[in-house]
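What the coordinates show
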There are 2 protein chains.
Amino acid sequence: MIRSMEELTQAACSTPALKMAVACAEDAPVLDAVKHAYDKNIIIPVLIGDKQKIFKEAETAGISIDSWEIIDIPDKKAACEEAVRLASEGKISLIMKGMVDTSIIMKAVLNKEYGLYTGGVLSHVGVLEVAGFDRLFAITDSAINIAPDLDAKVSIIKNAVEVEHALGNEMPKVAALCAVEKVNPKMECTLDAAKLEEMNKEGLITGCLIGGPFALDNAVSKEAAAHKGITSPLAGNADVLFVPDLEAGNLLIKAMEYFGHARKAGVIMGARIPIALTSRATAPESKMYTIAISKLIATLKEARNA
Amino acid sequence: MIRSMEELTQAACSTPALKMAVACAEDAPVLDAVKHAYDKNIIIPVLIGDKQKIFKEAETAGISIDSWEIIDIPDKKAACEEAVRLASEGKISLIMKGMVDTSIIMKAVLNKEYGLYTGGVLSHVGVLEVAGFDRLFAITDSAINIAPDLDAKVSIIKNAVEVEHALGNEMPKVAALCAVEKVNPKMECTLDAAKLEEMNKEGLITGCLIGGPFALDNAVSKEAAAHKGITSPLAGNADVLFVPDLEAGNLLIKAMEYFGHARKAGVIMGARIPIALTSRATAPESKMYTIAISKLIATLKEARNA
């Protein structure tokens with residue numbers, strides 16, 4: 001089981017490199033991260049975008065991209081569609097979002113013509129390392145789904161569980177987080193959390209152990225859980241921090257980053273291939289971790305389909 | 001302006017001690033915190049609760065309470081009502097919650113017979129210190145209001161602003177937090193945040209500067225805000241982190257505590273006097289900070305009423 005960003009990078013280096021399309025690659029920080037991942041033999045890039053701008057940004061980043069495949073499509077929508085087309089033809093194994101709005105790349109992925117979308121929900125999974133903890137945390141969904149209903153929550157959890165499996169965690173512990181650890185009919189979140197735990201017990205959601213409702217302290221701190229008399233095997237041991245909605249998730253993941261100095265990777269799950277998603281404010285090393293986790297997920301998906 | 005828990009404690013020591021009722025004082029950790037605050041001349045305690053148990057818990061904590069006023073009321077509801085009655089008669093200036101459910105003490109405070117409740121909304125304000133930041137953060141509301149409407153949000157902000165004023169911050173910067181920094185009609189939180197900013201500009205909410213919607217990163221990190229091209233004077237400078245609902249607030253405050261190792265104080269605002277509120281899992285020093293901030297608020301309230 002991978003427990004740190006160092007282990008994640010090592011694991012991503014130690015399997016054969018996969019082809020990764022970069023949709024709208026005209027961005028120096030993205031190219032810099034791609035170069036690092038390429039040098040570590042994690043991926044082989046296929047750059048899609050405005051070729052002239054791509055070369056200019058590569059110069060800015062001070063890197064040579066002469067040996068890389070570049071597909072010149074200046075239009076952003078068309079560039080995203082080309083990345084999706086290559087994926088549907090099996091010519092690439094993962095996509096990285098470049099200088100383009102997430103909504104544009106999502107639309108291309110959801111386009112039924114290319115068959116990359118197989119139903120369910122697309123959701124974001126953040127993978128974070130916080131100093132002092134013995135494992136990585138998966139946070140979901142902090143970026144895409146505004147107010148998921150119970151069905152969507154099930155899909156979102158399944159997507160996160162797949163990420164955990166790619167990290168070698170075969171039975172991840174999923175904490176369905178709320179403000180409190182007791183079911184309160186006035187708080188829908190707590191009802192859903194209890195239902196998700198029940199569905200897991202009934203075998204409707206497999207490959208993980210779900211518990212809820214959990215308050216964050218009881219999910220990540222054994223001491224806090226003990227104070228409350230919570231004895232569940234999940235108490236203090238959660239791997240997946242499943243949040244009730246976008247506002248809660250976004251505050252959690254950003255608090256981990258800005259107050260907890262977490263190292264962060266992020267990937268969109270739910271399509272036939274993973275989509276590596278970095279934000280502009282993300283540190284360069286984080287972008288590399290994002291490519292590394294996306295590659296591991298792509299490797300797992302290909303092994304399952306083989 | 002008070003910028004750290006050390007400065008907070010010093011400030012609370014340097015004004016005349018106020019009488020504080022401890023509702024249901026039969027709890028060793030609470031008595032320990034009260035003793036520390038008493039020794040620093042922050043407060044003079046009036047213990048209310050089961051006298052026999054109070055003495056037993058004091059013995060457990062290894063502290064002498066012989067010189068303190070103790071009112072023997074074993075029934076928890078009656079003990080809370082006595083604390084509220086003393087407050088309404090002006091015999092004490094603040095209340096600390098002891099070994100009793102928050103809901104029981106809240107009911108006593110809301111009881112119109114005692115006149116402690118003057119309309120508006122009772123809300124929790126957390127005051128947190130995170131290493132690496134040059135100021136304390138006020139987080140609200142992470143503990144009481146589940147899904148406040150716009151009117152309730154106004155009350156909640158006013159309560160937090162009063163806490164900031166007690167900290168000597170005369171024009172606190174309030175960030176109305178959402179998952180994104182742009183208004184999105186699909187996200188009610190962003191609409192409310194924009195309205196709150198507007199109400200502040202129109203002079204309907206005074207004594208503070210409100211901006212929103214803000215994502216957390218842009219509210220606390222100047223670098224992140226610059227990446228997004230946000231130039232508001234609030235960008236990276238927020239004092240009050242105002243959250244849209246209980247789930248989001250609870251995750252934020254607990255993430256600051258458990259991932260950001262924040263020192264935390266907490267107080268219930270909205271009544272005629274502040275109610276010092278600590279949770280069982282809170283560190284002993286945090287309980288002291290909670291008494292200190294509550295005392296400063298009570299001092300400010302008395303000065304305004306004088």
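The structure reproduced in this document is the subject of the present report. Small disclaimer: the values here were computed from a predicted structure and weren't measured.

1. Some remarks on the overall build of chain A
Regarding its fold elements, chain A presents 11 helices and 11 strands. Over its C-alpha trace chain A gives a radius of gyration of 19 Å, about what one expects of a compact globule, namely 19 Å for 306 residues. The principal-axis extents of the C-alpha atoms in chain A amount to approximately 60 × 40 × 35 Å. Going through the 306 residues of chain A one by one, you find that 60% of them count as buried. Taking the intrachain contacts of chain A between residues at least 6 apart in sequence as the baseline, contacts between residues at least 24 apart amount to 71%. Accessible surface, chain A: about 11,900 Å² in total, of which carbon and sulfur atoms supply 51%. Across chain A, 33 positive and 40 negative side-chain charges occur, with their mean positions spaced 1 Å apart.

2. Notes on helix H1 (residues 5–13) of chain B
All names here are of chain B. For H1, the set of buried residues is Met-5, Leu-8, Thr-9, Ala-11 and Ala-12. Each buried residue of H1 sits inside an arc of 165° when the element is viewed along its axis, so together they form one side. Buried residues along H1 sit against strand E5 (123–129), strand E10 (263–269) and helix H11 (284–305).

3. Considering the side chain of Ser-142 of chain A
Along the chain, Ser-142 of chain A turns up in the loop between strand E6 (137–140) and helix H6 (150–166). Setting aside anything within four residues of it in sequence, one finds Ser-142 of chain A in contact with His-124, Leu-246, Gly-249, Asn-250 and Ile-253 of chain A.

4. Describing the side chain of Ser-155 of chain A
Residue and element names in this part refer to chain A. Its place among the elements puts Ser-155 in helix H6. Looking at Ser-155, the relative accessible area reads 17%, which means it is buried. Those residues in contact with Ser-155 that sit more than four places away from it in its chain are Gly-120 and Val-121.

5. Notes on the relation of the copies chain B and chain A
Put simply, the second copy of the chain is the first one after a rotation about an axis and a shift along it. Note on the copies: chain B fits chain A at an RMSD of 0.0 Å, the axial shift is 0.0 Å, and the rotation between them is 180°. When the rotation and shift are considered jointly, the pair of chain copies conforms to a two-fold rotation axis.

6. Examining the pattern of salt bridges
Within the structure shown, the criterion is met by 37 salt bridges over all chains. For Lys-228 of chain B, the salt bridge identified is with Glu-181 of chain B, shortest N-O distance 3.1 Å. Linking Lys-228 of chain B in the loop between helix H9 (222–227) and strand E9 (240–242) with Glu-181 of chain B in the loop between strand E7 (173–177) and helix H7 (188–201), this pair joins segments that are 47 residues apart in sequence. Linked through salt bridges whose partners overlap, the residues forming this network are Glu-6, Glu-129, Arg-263 and Glu-285 of chain A.

7. Considerations on the sheet that holds E9 of chain B
Whenever strands of a sheet pair, they do so through backbone hydrogen bonds, lying parallel or antiparallel. Residues and elements named next belong to chain B. Taking strand neighbours across the sheet as the criterion, the 11 strands line up as E3-E2-E1-E4-E11-E10-E5-E6-E9-E7-E8 in an open arrangement whose pairing is mixed. Among the strands making up the open sheet, the edge pair consists of strand E3 (69–72) and strand E8 (209–214). Inspection of the sheet shows E7 paired to E9 by 3 bridges, in the parallel sense. Residue Val-174 lies in a different strand from E9, and its bridge partner there is Val-240. Sheet strands touched by helix H5 (residues 102–110): strand E1 (18–23), strand E4 (94–97), E10 and strand E11 (275–276). Its angle to E4, the strand with the most contacts, is close to 155°.

8. Things to note about unusual backbone geometry
All names here are of chain A. Note the cis peptide between Thr-140 and Asp-141, where omega equals -5°. Assignment of secondary structure puts Asp-141 in the loop between E6 and H6. The phi torsion at His-261 lies on the positive side, around 50°, for a residue other than glycine. The topology assignment puts His-261 in the loop between helix H10 (246–258) and strand E10 (263–269).

9. Re the packing of helix H6 (residues 150–166) of chain B against H7 of chain B
Residue and element names in this part refer to chain B. The geometry of H6 relative to H7 is characterised by a closest axis approach of 11 Å and an angle of 55° between their N-to-C directions. By the angle between their axes, H6 is oblique relative to H7. Considering the relative orientation of H6 and H7, their crossing is right-handed. Counting all contacts with H6, which are made through Leu-150, Lys-153, Val-154 and Ile-157, the residues of H7 involved are Asp-192, Lys-195, Leu-196 and Met-199. Residue composition of the contact of H6 with H7, grouped by class: 5 nonpolar, no polar and 3 charged.

10. Side note on the packing of aromatic side chains
Applying the stated criterion across every chain, the model contains 8 aromatic pairs over all chains. Relative to Phe-137 of chain B, the ring of Phe-259 of chain A lies with its centre 5.5 Å away and its plane at 65°, an arrangement referred to as edge-to-face. Highlighted residues: Phe-259 of chain A in the loop between H10 and E10 and Phe-137 of chain B in strand E6 (residues 137–140), drawn from two different chains. For Phe-259 of chain A, a relative accessible area of 1% puts it in the buried group. A relative accessible area of 0% means that Phe-137 of chain B is categorised as buried. Through a chain of ring-to-ring contacts, three or more aromatic side chains come together here, namely Phe-133 and Phe-137 of chain A together with Phe-259 of chain B.

11. With respect to the interface of chain B and chain A
Contacts between the two partners involve 35 residues from chain B and, on the opposite side, 35 residues from chain A. Across the chain B/chain A interface, buried area totals approximately 3,000 Å², and carbon plus sulfur atoms make up 74% of it. Counting the surface chain B buries against chain A, the share from its top three residues, Glu-247, Leu-251 and Phe-259 of chain B, is 27%. Seen at the junction of chain B and chain A, the total is 2 salt bridges.

Rules used throughout
- Residues numbered from 1 in each chain as written.
- Chains lettered and ligands numbered in written order.
- Predicted model: local features only at pLDDT ≥ 70, side-chain atom pairs only at ≥ 80, totals over all residues.
- Heavy atoms only, no water.
- Helix = DSSP H or I, 4+ residues; strand = E, 2+ residues; numbered from the N terminus.
- Rg over C-alpha atoms; globule rule 2.2 N^0.38 Å.
- Buried < 20%, exposed > 50% of the residue type's maximum accessible area, 1.4 Å probe, protein only.
- Contact = heavy atoms within 4.5 Å.
- Areas by Shrake-Rupley, 256 points an atom, 1.4 Å probe, with all protein chains shown as cover.
- Lys, Arg positive; Asp, Glu negative; His and termini not counted.
- Charge placed at Lys NZ, Arg CZ, Asp CG, Glu CD.
- Arc of directions from axis to C-beta.
- Least-squares fit on C-alpha atoms with pLDDT ≥ 70 in both.
- Salt bridge = Lys/Arg side-chain N within 4 Å of Asp/Glu carboxyl O.
- Pairing = 2+ DSSP bridges.
- Axes fitted to C-alpha atoms, helices over the stretch in contact; angles between N-to-C directions.
- Parallel < 35°, antiparallel > 145°, perpendicular 65-115°, else oblique.
- Left-handed = near helix turned anticlockwise from the far one by under 90°.
- Nonpolar A, V, L, I, M, F, W, Y, C, P; charged D, E, K, R; others polar.
- Phe/Tyr/Trp six-rings, centres within 6.5 Å; stacked < 30°, edge-to-face > 60°.
- Buried area = accessible area lost by both parts, 1.4 Å probe.

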